[in-house]
Each structure stands twice: as C-alpha cells, then as structure tokens.
Amino acid sequence: MIIASNFKTNHTRKATREFVEFINNFLKDTNDKHQIRVYPSFTALDVFDTVTAMKVGAQNFYPVDKGSFTGEVGYEQLEEFGVDSVLVGHSERRHILGERQEILLKKFHFAKEKNLEIIYCIGEPQEVREAGIEAVMNYLWEQLEGIDLAYERLVVAYEPVWAIGTGLTASLEDIQETHARLRERVEAPILYGGSVKVENIYEVLSVKNCDGVLVGTASWEKESFCKMIELAQTLKA
Ligand code: 13P
C-alpha cells in the first residue's frame, strides 16, 4: 500500500521538517509494511534523512533540466534534493492552473525518462459522475490517453474532483466500481484520493483494487497522518 500526503500550499519549511521527522520517527519504531510519501511545497524541499519506506517528493515540476521558465522548477533543482517521486495531473493543476493533457503528457514522459516514480492523478467532475459510470470511464480513459501504462514506476491516483477538499468522499461502491474498471487496463497500483480521513481510511483501503490513498486536508496534521498510517498497518494483507 502507498499512503501519501499532498501538502498542497500548506506548511512552512520548519513545519515540514517537523512533520517529516515526526512521521519518520514513528516509522522507525514500527515495522511498517507500507510505502509512505509526503509532497511538500517547493520552498520546503530539502534533503531529508528518512527510512527507506518513506520518500519526500515534488507536487510539480516543469519538464526541463533547466532553462528560462520564470517561476518554474526543473529537474536539476529536484535532483539537488534527491527527489525520486512526483505528482502529475493533480486536479488542482488541471482545473485551477489550467494544465491541459498536452503539457501533462510532456511532464509524464519527461519524468519517465528520468526514471522517477510518477503518481498520475485522474478524476471526473461532478456532472460527469452524475451521468453514470460509462461517462466517468470515458472521461478517465481520456485523461490516461498517451500515458505509458506499462511504465514500471507508474502509480495512478483516482481522485474525483467533487470529492477533493469538500468533505464528500465517493461511496465505497463507486470507488470499488471505478477501480475495478480501471484495473481492466491498469496494472499499476491505484490509489484513491478525495476527503480521506482518519474516520474512513480503513474502509477505503479495504476496497478491492485500492492500493493506497493520496490524502490532502486530513493529512496536514502530523498526528492525523500518523494515525492513518497506523490504521493502514492494521489491515489484513
Ligand atoms: P483532500 O483530502 O483535501 O480532499 O484532497 C485530496 C487531494 O487532492 C490529494 O491530492
């Protein structure tokens, strides 16, 4: 399982360091069987000394080694901090920052060339969900078009847009059905994201074909994230 925390635009350098140290100490003391990921903001990236199961990654990057792209961060800047895992296609980048499939494909292929772990996020808006599962799947397959599903460091995160940051979690039936349909073509681990919290993580992780979670809001408090890891540890294999 992969248990990941997306900080989005939260936490200072100091708070990030405290968070990473807190989780790392917890993992040192337990025999954790899961992969833990933390995606802080760029300003808080650093070389963190963590247990092997934990990686601190990047929420974004521009698909170049370096160059003239004001305000962007290239691979050379990620490499400096040993970043080995990146998010691509998060719904906030698609819908708020206006990233289209073309740039997302560039990012995917660039990260693949660098052999990075890629958490590639997909998810449908509310009106598509309301139109039913076939509409949802058409939408998701379009978002996966051009992605090399055989890439061995690919992780897919299914995050319905309407469930992100809203407190609304998709029903377990919807998660199960969507993951099962994705599984027809996706061999990579499939994570669920969208209002996952301490109260529902166990049920979400118990869904068939759910290989982990990508958590925003509820993971920003280190104690809660730790609790979620703890609950994941109690899952039957
Ligand atoms: P929330 O957990 O706040 O709904 O965010 C989910 C998400 O976008 C993780 O990437």
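Placed above this text is the structure.
Residues numbered from 1 in each chain as written. Predicted model: local features only at pLDDT ≥ 70, side-chain atom pairs only at ≥ 80, totals over all residues. Heavy atoms only, no water.

1. Remarks on the overall build of the protein chain
Along the backbone of the protein chain there are nine helices and eight strands. Taken over the C-alpha trace, the protein chain has a radius of gyration of 17 Å; the compact-globule value for 237 residues is 18 Å, and the two agree within 12%. For the protein chain, the residues scored as buried account for 50% of the 237 residues in total. In the protein chain, the share of contacts with a sequence separation of at least 24, taken over all contacts with a separation of at least 6, comes to 71%. In the structure as shown, the protein chain presents an accessible area of about 11,200 Å², 49% of it carried by carbon and sulfur atoms. (Helix = DSSP H or I, 4+ residues; strand = E, 2+ residues; numbered from the N terminus. Rg over C-alpha atoms; globule rule 2.2 N^0.38 Å. Buried < 20%, exposed > 50% of the residue type's maximum accessible area, 1.4 Å probe, protein only. Contact = heavy atoms within 4.5 Å. Areas by Shrake-Rupley, 256 points an atom, 1.4 Å probe, with all protein chains shown as cover.)

2. A few points about the packing of aromatic side chains
If you walk through the whole model with that rule in mind, you get eight aromatic pairs. Seen in terms of ring centroids, phenylalanine 108 and tyrosine 120 are 6.3 Å apart; in terms of plane orientation they differ by 80°. Their pairing is edge-to-face. With phenylalanine 108 in helix 4 (residues 101-113) and tyrosine 120 in strand 5 (residues 117-122), the pair connects residues that are twelve residues apart, well separated along the chain. When sorted by exposure, phenylalanine 108 lands in the same class as tyrosine 120, which is buried. The ring of phenylalanine 61 has lysine 107 lying over it, and the distance from NZ or CZ to the ring centre is 5.9 Å. The ring of phenylalanine 22 has lysine 222 lying over it, and the distance from NZ or CZ to the ring centre is 5.5 Å. (Phe/Tyr/Trp six-rings, centres within 6.5 Å; stacked < 30°, edge-to-face > 60°. Lys NZ or Arg CZ within 6 Å of the ring centre and 35° of its normal.)

3. Some points on the side chain of glutamine 59
Relative to the helices and strands, glutamine 59 is located in the loop between strand 3 (54-56) and helix 2 (75-79). A residue is classified by how much of its surface remains accessible, and glutamine 59, at 19% relative accessible area, is buried. A distance of 2.9 Å separates a polar side-chain atom of glutamine 59 from the backbone oxygen of lysine 8. Polar side-chain contacts of glutamine 59 include one of 3.0 Å to the backbone oxygen of tyrosine 39. In contact with glutamine 59, other than residues within four places in its own chain, are Asn6, Phe7, Lys8, Tyr39, Pro40, Ser41, Leu87 and Arg93. (Polar contact = N/O pair within 3.5 Å; in protein donor to acceptor, adjacent residues only side chain to side chain.)

4. Describing the site of the ligand
Taken together, 13 residues lie around the ligand, and Lys8, His90, Gly165, Ser195 and Thr217 are the ones closest in. Here an oxygen atom of the ligand and a side-chain polar atom of histidine 90 are 2.7 Å apart. Between an oxygen atom of the ligand and a main-chain N or O atom of serine 195, the distance comes to 2.8 Å. For the ligand, whose unbound accessible area comes to 300 Å², protein coverage reaches 99%. Its residues assigned to classes, the shell around the ligand shows four nonpolar, seven polar and two charged. (Near = heavy atom within 4 Å. Nonpolar A, V, L, I, M, F, W, Y, C, P; charged D, E, K, R; others polar.)

5. Here's the deal with helix 7 (residues 172-183)
In this model helix 7 runs 16 Å from its N-terminal to its C-terminal C-alpha over twelve residues, within 8% of the 16 Å that 1.5 Å per residue would give. Residues of helix 7 that are buried: Ile175, Thr178, His179 and Leu182. Buried residues in helix 7, looked at end-on, bunch into an arc of 95°, giving them a common side. (Expected span 1.5 Å × (residues − 1). Arc of directions from axis to C-beta.)

6. Brief notes about the environment of threonine 50
As for its placement among the helices and strands, threonine 50 is situated in the loop between strand 2 (35-39) and strand 3. By relative accessible area, threonine 50 is classed as partly exposed at 24%. Aside from chain neighbours lying at most four places away, what touches threonine 50 is Val20 and Asn24. Of the polar contacts made by the side chain of threonine 50, one reaches the backbone oxygen of methionine 54; its length is 2.9 Å.

7. Here we look at the packing of helix 6 (residues 133-143) against helix 7
Contact pair helix 6 / helix 7: the axes reach a minimum separation of 11 Å and the direction vectors enclose 50°. Accordingly, the angle class assigned to the pair helix 6 and helix 7 is oblique. In terms of crossing hand, the pair formed by helix 6 and helix 7 is right-handed. The segment helix 6 lies against helix 7, with Ile133, Glu134, Val136, Met137, Leu140 and Trp141 engaging Glu177, Thr178, Arg181 and Leu182. For the contact of helix 6 with helix 7, the residue count by class is six nonpolar, one polar and three charged. (Axes fitted to C-alpha atoms, helices over the stretch in contact; angles between N-to-C directions. Parallel < 35°, antiparallel > 145°, perpendicular 65-115°, else oblique. Left-handed = near helix turned anticlockwise from the far one by under 90°.)

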